Amino acid sequence: MNVLVTGGYGFIGSAVARRFFEEGAKIYIIDNLSTGHLRNIDFEHKSYLLNVEDEVCEHFFKEVAFDVVIHCAAQTSVQNSMHEPVKDILTNIVGLSQMLFLSSKYKVKHFVFASSAAVYGDSHYPPLDENDISEPVSMYGLNKSIGETYCEKWQRDYHLPTLIYRFANVFGPSQSMQGEAAVIPSMLKSIIEGKPFTIYGDGEQSRDFIYVDDIADAIYAGVEVGLKGTYNVSTNEAWSIHQVILLLQHLNHPLEIQYAPSREGDIEHSFLNNEKLAKAIGWKPKISFAEGIERTLQALQSEKIVEVNVIE
């Protein structure tokens, strides 16, 4: 099986690529390295270092008969999407359209779109299911919602089998500090460096945090059975920022905090119902929040040791 992962050197993309590689797939990656890193992939693959919106991408579809395209490439910062909306559109809309067009033209068997809980907006009645109204409050969420419409269009009119996964707040090793769900790595970085962590708002805002390997498992499982449609990928649990800090204290990782005003585009409460996906393919998350925290912290500490050794 030939699998193309866009954004494959990124946080989520690299985990997905690894999951498929472990199952015997041949891995191909398109990434412009704006947030991804070559070090995230340490197994055999073929690399194309460019933007997903570039026309030259068609050459790769001509060269290789891709069975599956997993579109993880994205601009993921809510704040950047508000301040630089054109750049967000280029990656999150134009880039997606390019991948959909090429996947349809060259008869890709399955297209997976990495969407986000941000499409729902700031609902006061979570947990949210797939039938809830999409009312995004940021350009990032708006463009993810538009991206879903593009996927539905290509499936309906161009017969491209598409699977849309709305991710809750994904966390884990190798995560950028700039992404839409970067609160966990930012907290852990503050612990390692002994610096205060800034809470934007009152700290009661809540999120559904899911470990990145569970995301990769969900994508693989969906592709394996040819799943189509729109599904939440989540834990069905909500953690407020204050609750996360209490958990860190319980795990012997105390964190000093400071407060700042809320930021434009931030959602107050977000957690998702995953029952539709569970019923469809029997998937459920395997990594608890506490275990994921410990795994991520250990990875960050290892990176810190490597950095110190290099400086010395």
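The model shown is predicted, which means the values in this text are computed figures rather than measured ones. (Residues numbered from 1 in each chain as written. Predicted model: local features only at pLDDT ≥ 70, side-chain atom pairs only at ≥ 80, totals over all residues. Heavy atoms only, no water.)

A. Examining helix α6 (residues 183-193) more closely. Buried residues of α6: Val183, Ile184, Pro185, Met187, Leu188, Ser190 and Ile191, and no others. One or two positions beyond α6, positive phi appears at glycine 194, with a value near 65°. (Buried < 20%, exposed > 50% of the residue type's maximum accessible area, 1.4 Å probe, protein only. Helix = DSSP H or I, 4+ residues; strand = E, 2+ residues; numbered from the N terminus.)

B. A look at the packing of aromatic side chains. Per the stated rule, a full pass over the model turns up 13 aromatic pairs. When the ring of phenylalanine 21 is compared with that of phenylalanine 43, the centres are 4.6 Å apart and the planes differ by 25°; the resulting orientation is stacked. In this pair, phenylalanine 21 is assigned in helix α1 (residues 11-22) and phenylalanine 43 in the loop between β2 (26-30) and β3 (46-48), connecting sequence segments 22 residues apart. For phenylalanine 43, a relative accessible area of 9% corresponds to the buried category. (Phe/Tyr/Trp six-rings, centres within 6.5 Å; stacked < 30°, edge-to-face > 60°.)

C. Molecular detail of the sheet that holds strand β5 (residues 110-116). Read across the sheet, seven strands follow the order β3-β2-β1-β4-β5-β6-β11 without closing on themselves; strand pairing throughout is parallel. At either end of the open sheet lies a strand with only one pairing partner, and these are β3 and β11 (229-233). Going across the sheet, the axis of each strand differs from the next one's by a mean of 20°, ignoring polarity. Strands β1 (2-6), β2, β4 (68-71), β5 and β6 (162-167) of the sheet are contacted by helix α4 (residues 85-105), whose axis makes an angle of about 165° with β5. Here helix α7 (residues 212-224) sits on the sheet and contacts β4, β5, β6 and β11; the angle it forms with β6, its principal contact strand, is near 160°. (Pairing = 2+ DSSP bridges. Axes fitted to C-alpha atoms, helices over the stretch in contact; angles between N-to-C directions. Contact = heavy atoms within 4.5 Å.)

D. Structural context of the pairing of β2. Taking burial as the measure, the five residues of β2 include four buried ones, the bulk of the element. Here β1 pairs with β2 via five bridges, running parallel. When the sheet's bridge partners are listed, threonine 6 is paired in β2 with isoleucine 30. Considered for its hand, the β-α-β crossover made up of β1, α1 and β2 is right-handed. One ladder, built from three bridges, connects β2 with β3; its direction is parallel. Counterpart to isoleucine 29 in the pairing with β3 is serine 47. (Right-handed = clockwise from strand over helix to strand, strands pointing away.)

Without other data, these values stay purely geometric and don't point to any function.
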